[in-house]
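Per-entry structural report
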Amino acid sequence: MKPSAIITGGASGIGLATAEWLLNEGWPVAIIDADPEALAIAEDVLNGENALFLTADVTDEELVDDAFDQVVDALGPIGGLVNSVGLAQDVPVLETTAELLRELLDVNLVGPFIAARAAIERRADTLSIVNLASVSALRANHGRAAYGASKAGLKMLSEVMAVELAHVDVRVNCVA
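Since the model is a prediction, treat every value here as computed from it, not as a measurement. (Residues numbered from 1 in each chain as written. Predicted model: local features only at pLDDT ≥ 70, side-chain atom pairs only at ≥ 80, totals over all residues. Heavy atoms only, no water.)

1. Here's the deal with unusual backbone geometry
Backbone geometry places Asp169, a non-glycine residue, at a positive phi of 60°. By the secondary structure assignment, Asp169 is in the loop between helix H5 (145-165) and strand S6 (170-175). (Helix = DSSP H or I, 4+ residues; strand = E, 2+ residues; numbered from the N terminus.)

As structure tokens, this is what we get:
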């Protein structure tokens, strides 16, 4: 039996498509999302699959720990984590507030960090973490100061984690 996989921000878009793919490959999947309405729709879409649906804000360590404990109890140790969670805003730099920058950094960078730490603590023999960044992490785009900075941070976080965690059979990759 395969270990479990968790997808943060998995109730829609790339996260939901990833959940469908993993389920087709035989993985038990947990979808964690802060949007209960999107989560209910995802649950309808994946009805009858080996999937668990949990509402949690990835920026809240206690909620993430609780959700990841529920996943391990229901589906077993974690072998895969896809951090698809993300918040995008197109706002010119002179209109970007510090509050908006902090919000995007919290969701797009701190959230995946919290989820990765929780997965590492509850991992199977090996763990693969995939963080979804953006082309905005690699080159400048109008209106993407806060978003681009948060995704560039996620890219670098992924690279550092890959180097530091390879010796404990944790693979970390970033897709942009």
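Continuing now.
2. Observations concerning the pattern of salt bridges
Evaluation of the coordinates by the stated rule reveals five salt bridges. Among the salt bridges present, the one from Glu121 reaches Arg122, with a minimum N-O distance of 3.4 Å. Residue class for Glu121 comes out exposed when judged on its relative accessible area of 54%. (Salt bridge = Lys/Arg side-chain N within 4 Å of Asp/Glu carboxyl O. Buried < 20%, exposed > 50% of the residue type's maximum accessible area, 1.4 Å probe, protein only.)

3. Focus: the environment of Val58
One can find Val58 in the loop between strand S3 (51-55) and helix H3 (61-75). Residue Val58 is classed as buried on the basis of its relative accessible area, which comes to 6%. Along the sequence, Val58 and Ser150 sit 92 residues apart, while their C-alpha atoms lie 15 Å from each other. With residues near it in sequence (within four places) discarded, Val58 still touches Thr8, Val64, Val85, Val107, Gly111 and Ile114. (Contact = heavy atoms within 4.5 Å.)

4. Things to note about the sheet that holds strand S2 (residues 29-33)
Strands sit in the order S3-S2-S1-S4-S5-S6 across an open sheet of six strands; the sheet is parallel. The strands lining the two open edges of the sheet, one partner per strand, are S3 and S6. Geometrically, the sheet is characterised by an average inter-axis angle of 15° between neighbouring strands, direction not taken into account. As paired elements, strand S4 (residues 78-83) and strand S5 (residues 123-132) share five bridges and run parallel to each other. Looking at S5, one finds that Gly80 is bridged to Ser128. Its contacts with the sheet put helix H2 (residues 36-45) on S2 and S3, and the angle it makes with S3 is roughly 170°. (Pairing = 2+ DSSP bridges. Axes fitted to C-alpha atoms, helices over the stretch in contact; angles between N-to-C directions.)

5. Overview of the pairing of S2
For S2, a buried count of five out of five residues is recorded, marking the element as mostly surrounded by other parts of the structure. Across four bridges, the pairing between strand S1 (residues 4-8) and S2 is parallel. Across the sheet, Thr8 pairs through a bridge with Ile32, a residue of S2. You can see the chain leave S1, run along helix H1 (residues 13-24) and come back into S2, and the turn it takes is right-handed. (Right-handed = clockwise from strand over helix to strand, strands pointing away.)

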